[in-house]
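Structure at a glance
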Amino acid sequence: MTMASDTKMTPQSGLLSAEANQAAALAAFGGVLTVDLDAIIANWRKLEKTAVPAECSAVIKADAYGCGAAQVARALNKAGCKTFFVATIEEARNVRGAVPEAALYVLGGYFQNTGEHYAKINCRPVIGDLNELAEWDVFCRRTGWSGGAAIHIDTGMNRLGLTLSEAQAIIPRINAGDHGITLVMSHLVSAEQLNSQINAKQLAAFRGIASEFSGVPAALANSSGIFLGAPFQFDLVRPGAALYGVNPTPEADNPMQPVVDLKARIVQTRTIERGETVGYGGTWTARRPTKLAIIAVGYADGYFRAASSNDGTRGAEVIVAGKRCPVAGRVSMDLIAIDITDLPPNAARRGHMVTLLGEGITVDELAHHFGTIGYEVLTSLGHRYARVYKGGNAVEPLTKPEPAPAAEQPPAPPPIEQPTAPPPLPS
Ligand SMILES: *Cc1c(COP(=O)(O)O)cnc(C)c1O
């Protein structure tokens, strides 16, 4: 964590609350984002237990849903997680150093001429069409690389993946052995809806095709899919959101622990008259003499403008001095006004920290106010906060489940040519 350099306390400031002292130390930042790595580990263990005997991997794409991919990968790897999924080669490169031994899959598919990138950091493409497979095979044949790849089969998402008949067409290759396929997977469309008929359809389709990939570990379930029951869990599960505290079972209580705590600093308090308005557009009018706290976080920090309030609609809430207080007026780029009229006098002062996420305000609650899902709340968390990581030093439990085949390491990479030009950027 980066700290402001001038953190010396005067004797008087030593009398301030711990929160106020923290605020003084972090005065260079508008907010403090704390990621609880122990909570991520606890969530992973809970998912692992729910899915046992399947292996539990971790999806750490998009910087581990905004929580910090290298930190999360390192902590989970220490706790026993052996397989990780990212979206791009660049993301894989950024976490490889943190988890040198783990199996690392790149979900985004295989692009021509990127084989060297995979080989160089020993990660595996998730191959989603026959052209990709052909190109990957050419690379492997040319270089002797045998680090493995996953085959993604589409069972209804219609996004990435071989069609069922394309998948069928490569079964002879699987049966011939020495095929280099380390995982066969598909992805659920509506796993968070317990009674969606699509779940059963996808399960049946995937079960059928996966059974023909004999000897190849199979994976279908994301976070919510794990909670659809054992038939969905196959050999490996791929949770993402639930690791970071998003409720994987929206129709029931959240079984996961909260992971992210977000605090912002009060830069000013002020009192306004009844009838005055607050913020851009003057959309919120004080109905009584009103005390406001102005905090140093805004939509540029990932606190969506959709959480604004106006004279007709209540917006999101923020916890100030232990109490929920409403957002007053529009969320602006760097600042938000909070109505703190109902707090005891002096309960909230300049320099105090308020809680935007945490202390009972969940990612899912914020998502509701933002008009989105917890996933987008997390991946939108800004980069202006001071970041603090808590915990993460758990060691692997003594009783570990049998490692599934998917966790096995590929052979040591054979020497290959240096990577040539980087892959072409999409235009
Ligand atoms: C993102 C992703 C996951 C993780 O999904 P969550 O709903 O976050 O658990 C699993 N599999 C694939 C293919 C993904 O793209």
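Residues numbered from 1 in each chain as written. Predicted model: local features only at pLDDT ≥ 70, side-chain atom pairs only at ≥ 80, totals over all residues.

**Considering the nonpolar core**
Heads up, the rule is: Only buried Ala, Val, Leu, Ile, Met, Phe, Trp, Tyr and Cys residues enter a nonpolar core, and they are joined through C-beta atoms within 7 Å. Residues are called buried when their C-beta atom has 20 or more other C-beta atoms within 10 Å, exposed when it has 12 or fewer, and partly exposed otherwise; all C-beta atoms are positioned from the backbone. By the criteria applied, helices consist of DSSP H or I runs no shorter than four residues and strands consist of E runs no shorter than two, each listed in order from the N terminus. The domain boundaries here were taken from an automatic or database domain assignment. This entry defines residue contacts through backbone-placed C-beta atoms, with two residues in contact when those atoms are within 7 Å.
Core analysis: the biggest nonpolar cluster contains 124 residues, and Ile40, Ile60 and Ile338 have the highest contact counts within it. With seven residues, the top contributor of residues to this core is helix H2 (residues 37-51). Each of domain 1 (15-34 + 258-390) and domain 2 (37-244) gives at least three residues to this core. Not counting residues within four places of it along the chain, the set of residues in contact with isoleucine 338 comprises Leu292, Ala293, Ile295, Val318, Val320, Cys325, Val327, Ala328 and Val354.

**Things to note about the pairing of strand S7 (residues 149-152)**
Stated precisely, the cut-off is as follows: When DSSP finds two or more bridges between a pair of strands, those strands are recorded as paired. Orient the strands so they point away from the viewer, and a crossover whose first-strand-to-second-strand path over the helix runs clockwise is right-handed.
Taking every second residue as pointing to the same face, both faces of S7 are buried, with Ala149 and Ile151 on one and Ala150 and His152 on the other. In this structure, strand S6 (residues 124-127) lies alongside S7, joined through two bridges in parallel fashion. If you follow valine 126 over to S7, its bridge partner there is alanine 150. The handedness of the S6 to S7 crossover, carried by helix H7 (residues 130-143), is right-handed.

**Describing the pairing of strand S16 (residues 323-326)**
Taken together, the four bridges between strand S15 (residues 317-320) and S16 define a ladder with antiparallel strand orientation. Considered in S16, the bridge of glutamate 317 is made with proline 326.

**So, the environment of alanine 119**
The topology assignment puts alanine 119 in helix H6 (residues 115-120). Judged by local crowding, alanine 119 falls into the buried class, with 23 C-beta atoms found within 10 Å. Taking the C-alpha atoms as reference points, alanine 119 and serine 146, separated by 27 residues in sequence, lie 8.7 Å from one another.

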